[in-house]
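A look at the structure
One-letter residues, chain by chain:
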Amino acid sequence: MPGSDYADPIPADVQEATRTLVRLTRYIRSNPDANDLLPYLVPLVDKYDGAVARLSQALAEVNSYFYGKPELTGVDDLDYLWGVYSDAPEFLLEYNTLDWQLNAIRYEVERRAAAPSRQAGSTP
């Protein structure tokens, strides 16, 4: 039997997700240590299960939903929306390259953390 993760969402769920992204943005602006920030990036940009991929899937479904409503064809605003919603998922999925960069970022953060710190006034 599916768990509560598979229950139909309510508008408050989407609002909470949006508020969480606002909190994440505020946290990133606080200039946290890179090692502290990395765990937040994985669920955000994971190319299969991250927020970007899930938002892309949701927008694609919105497009399919409206496209499958023949009674709404010919409405200029909806024709425009179909174009926007069909482009948006592909645009977002282009960001799946961010997922590939996480290992490079982790490596660089770890390398710099392991490097001996320079004395003040020394030359690189």
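To keep things clear, this report deals only with the structure shown in the data block. Everything numeric here is computed off the predicted structure, so don't read it as measured data.

A few points about the layout of surface pockets
Estimated volume of the largest pocket: approximately 860 Å³. Lining of the largest pocket is provided by 24 residues; of these, Ala17, Thr18, Leu21, Ala51 and Arg54 occupy positions nearest its centre. Mapped onto the lining of the largest pocket, the elements with two or more residues apiece are helix H1 (11-29), helix H2 (34-45) and helix H3 (51-67). With 9 residues, the single largest contributor to the lining of the largest pocket is H1.

What about the packing of aromatic side chains?
Scanning the model with the defined rule gives 1 aromatic pair in all. With centroids separated by 4.9 Å and ring planes inclined at 45 degrees, the aromatic side chains of Tyr27 and Tyr40 adopt a geometry described as tilted. You can see Tyr27 sitting in helix H1 and its partner Tyr40 sitting in helix H2, a full 13 residues away along the chain. We classify Tyr40 as partly exposed; its relative accessible area is 41%.

As for the environment of Asn103
Tracing the backbone through its elements, the reader meets Asn103 in helix H5 (residues 97-114). For Asn103, a relative accessible area of 55% translates into the label exposed. For the pair Asn103 and Leu38, spaced 65 residues apart in the sequence, the C-alpha separation amounts to 9.9 Å.

Re H2
With 12 residues, H2 ought to run about 16 Å at 1.5 Å a step, and its terminal C-alpha atoms sit 16 Å apart, in line with that. Within H2 the residues assigned to the buried category are Leu37, Leu38, Leu41 and Val45. Down the axis of H2, the sector holding all buried residues measures 115 degrees, keeping them to one side.

Some remarks on the packing of H1 against H2
Contact geometry for H1 and H2: axes closest at 11 Å, N-to-C directions at 150 degrees. Considering the relative orientation of H1 and H2, their crossing is left-handed. Between H1, through Leu21, Leu24, Tyr27 and Ile28, and H2, the contact on the second element is made entirely by Asp36, Leu37, Tyr40 and Leu44.

A word on the pattern of salt bridges
Enumeration according to the criterion identifies 2 salt bridges in this entry. For Arg19, the salt bridge is made with Glu16, and the minimal N-O distance between the two is 3.0 Å. Of this pair, Arg19 and Glu16 both sit in helix H1, 3 residues apart, which is roughly one turn of that helix. Owing to a relative accessible area of 36%, Glu16 belongs among the partly exposed residues under this scheme. Notably, a salt bridge pairs Arg54 with Asp49, separated by 2.2 Å at the nearest N-O pair. Asp49 sits in the partly exposed class, given a relative accessible area of 48%.

What counts as what
Residues numbered from 1 in each chain as written. Predicted model: local features only at pLDDT ≥ 70, side-chain atom pairs only at ≥ 80, totals over all residues. Heavy atoms only, no water. 1 Å grid on protein atoms, 1.4 Å probe; cavity = no way out; pocket = protein on both sides within 12 Å on 5 of 7 lines; lining within 4 Å. Points joined across faces, edges and corners; volume = space filled by probe spheres on them. Helix = DSSP H or I, 4+ residues; strand = E, 2+ residues; numbered from the N terminus. Phe/Tyr/Trp six-rings, centres within 6.5 Å; stacked < 30°, edge-to-face > 60°. Buried < 20%, exposed > 50% of the residue type's maximum accessible area, 1.4 Å probe, protein only. Expected span 1.5 Å × (residues − 1). Arc of directions from axis to C-beta. Axes fitted to C-alpha atoms, helices over the stretch in contact; angles between N-to-C directions. Left-handed = near helix turned anticlockwise from the far one by under 90°. Contact = heavy atoms within 4.5 Å. Salt bridge = Lys/Arg side-chain N within 4 Å of Asp/Glu carboxyl O.

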